[in-house]
Amino acid sequence: NYFDGKLSPQGKMPWIEYNHTRVSGTEFIIDFLEEKLGVNLNKHLGPHERAVSRAVTKMVEEHFYWTLAYCQWVENLHETRKMISMYGPFSDLLRWILCHLTKGIVKREMYGHGIGRFSEEEIYALMEKDMRSLAGLLGDKKYIMGPKLSTVDATVFGHLAQAMWTLPGTRPERLIKGELINLAMYCERIRRKFWPEWHHDDDNTLYESEESSETSKTYSPLQDFSFYSRTETFDEEGTENSISHTPDTDYTGHSLFDSDVDMDDQEQCK
């Protein structure tokens, strides 16, 4: 991976180079890698599910993306600036310049897209509708399209992760960690499965309890929230009805957070 800011010939990100062949654009990259590597995360989906998956992907990439960009680079720029790592005697000045240049680019691109012509409240109203649509589609399933991962999960997680971990105190963070907690648990399941090193014992990620009042809100760690899937959509085999489970486990008795991680993988993580 290179992080030098170099763009593709089309002036876009992301892009890859594989055996001296350059491919840009998420959708084309996925198609290219599936063909070259013989991998297809959507092989278990039927025609209708594939159509729904593509529609959701385009909603997230072409619409929800811009509302998050607005929150990150316009409305919440002061917090974003703190997350950018720069070193040297002029780091603060360079960080300030970079952030304000990016802010101007984002506002110009949003205006060209059309979504930037709305007011701040209207932009956030659109963002909330997208998030509620994702929460409704996910429901209490394990992944967006059911018990198995598909490419739409990569897209959805990549965008929701920003609301989860890079937009402190903003509307999308309050929404995902409050009313739409199923999206937060979805993000946490994927994070723990694919990036176990990302989670630390001293993780202080907090979630707003829905039962808390506006004047006296209590917060609880993720592990104690006890949100669980109420539908038996998991595809593990060899389960018995007699297995007991708690609210934070699936019907196999395994933790919901890691219910699709093989035991060998768990030992490697340890």
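Remember, it's a predicted structure, so these values are computed and weren't measured experimentally. (Residues numbered from 1 in each chain as written. Predicted model: local features only at pLDDT ≥ 70, side-chain atom pairs only at ≥ 80, totals over all residues. Heavy atoms only, no water.)

A short note on the nonpolar core
Reasoning step 1: Core analysis: the biggest nonpolar cluster contains 41 residues, and Val-156, Leu-160, Ile-176, Leu-183 and Tyr-186 have the highest contact counts within it.
Reasoning step 2: If you list the elements that add at least two residues to this core, you get helix H2 (47-75), helix H4 (91-113), helix H5 (120-138), helix H6 (151-165), helix H7 (171-176) and helix H8 (181-194).
Reasoning step 3: Ranked by residues supplied to this core, first place goes to H2 with nine residues.
Reasoning step 4: Residue contacts for Leu-183: discarding those within four places in its chain leaves Met-131, Leu-134, Ala-135, Leu-138, Leu-160 and Ile-176. (Core = buried A, V, L, I, M, F, W, Y, C linked by side-chain atoms within 4.5 Å. Buried < 20%, exposed > 50% of the residue type's maximum accessible area, 1.4 Å probe, protein only. Helix = DSSP H or I, 4+ residues; strand = E, 2+ residues; numbered from the N terminus. Contact = heavy atoms within 4.5 Å.)

Regarding the side chain of Ser-53
Reasoning step 1: Within the secondary structure layout, Ser-53 lies in helix H2.
Reasoning step 2: Residues within four places of Ser-53 in sequence aside, it is in contact with Leu-45, Met-145 and Val-152.

Topic: the pattern of salt bridges
Reasoning step 1: Tallied over the entire structure, the rule returns 14 salt bridges.
Reasoning step 2: Residues Arg-108 and Glu-109 are paired through a salt bridge, measuring 3.9 Å at the closest nitrogen-oxygen approach.
Reasoning step 3: Close ionic contact of Glu-121 with Arg-171 constitutes a salt bridge, the shortest N to O distance being 2.6 Å. Placement of the pair is Glu-121 in helix H5 and Arg-171 in helix H7, with a sequence separation of 50 residues.
Reasoning step 4: Residue classification places Glu-121 among the partly exposed residues on the basis of a relative accessible area of 49%.
Reasoning step 5: Using a relative accessible area of 28% as the deciding quantity, one classes Arg-171 as partly exposed.
Reasoning step 6: Salt bridges sharing partners connect three or more residues here, namely Glu-27, Arg-54, Lys-58 and Glu-61. (Salt bridge = Lys/Arg side-chain N within 4 Å of Asp/Glu carboxyl O.)

Side note on the pairing of strand S1 (residues 15-18)
Reasoning step 1: Alignment of S1 against strand S2 (residues 21-24), held across four bridges, turns out to be antiparallel. Residue pairing across strands places Trp-15 opposite Ser-24, the latter belonging to S2.
Reasoning step 2: Hairpin connection from S1 to S2: two residues lie between these consecutive antiparallel strands, with Asn-19 at a positive phi of about 50°. (Pairing = 2+ DSSP bridges.)

Structural notes on the packing of aromatic side chains
Two aromatic rings are characterised by how far apart their centres lie and by the angle between their planes.
Reasoning step 1: A complete count under the given rule lists nine aromatic pairs for this structure.
Reasoning step 2: Seen in terms of ring centroids, Tyr-70 and Tyr-124 are 5.9 Å apart; in terms of plane orientation they differ by 75°. Their pairing is edge-to-face. With Tyr-70 in helix H2 and Tyr-124 in helix H5, this residue pair connects regions lying 54 residues apart in the sequence.
Reasoning step 3: The class for Tyr-70 is buried, based on a relative accessible area of 12%.
Reasoning step 4: One aromatic cluster is present, formed by Phe-157, Trp-165, Phe-194, Trp-195 and Trp-198 through successive ring pairs.
Reasoning step 5: The cationic tip of Lys-193 hangs over the ring face of Phe-194; the distance from NZ or CZ to the ring centre is 5.4 Å. (Phe/Tyr/Trp six-rings, centres within 6.5 Å; stacked < 30°, edge-to-face > 60°. Lys NZ or Arg CZ within 6 Å of the ring centre and 35° of its normal.)

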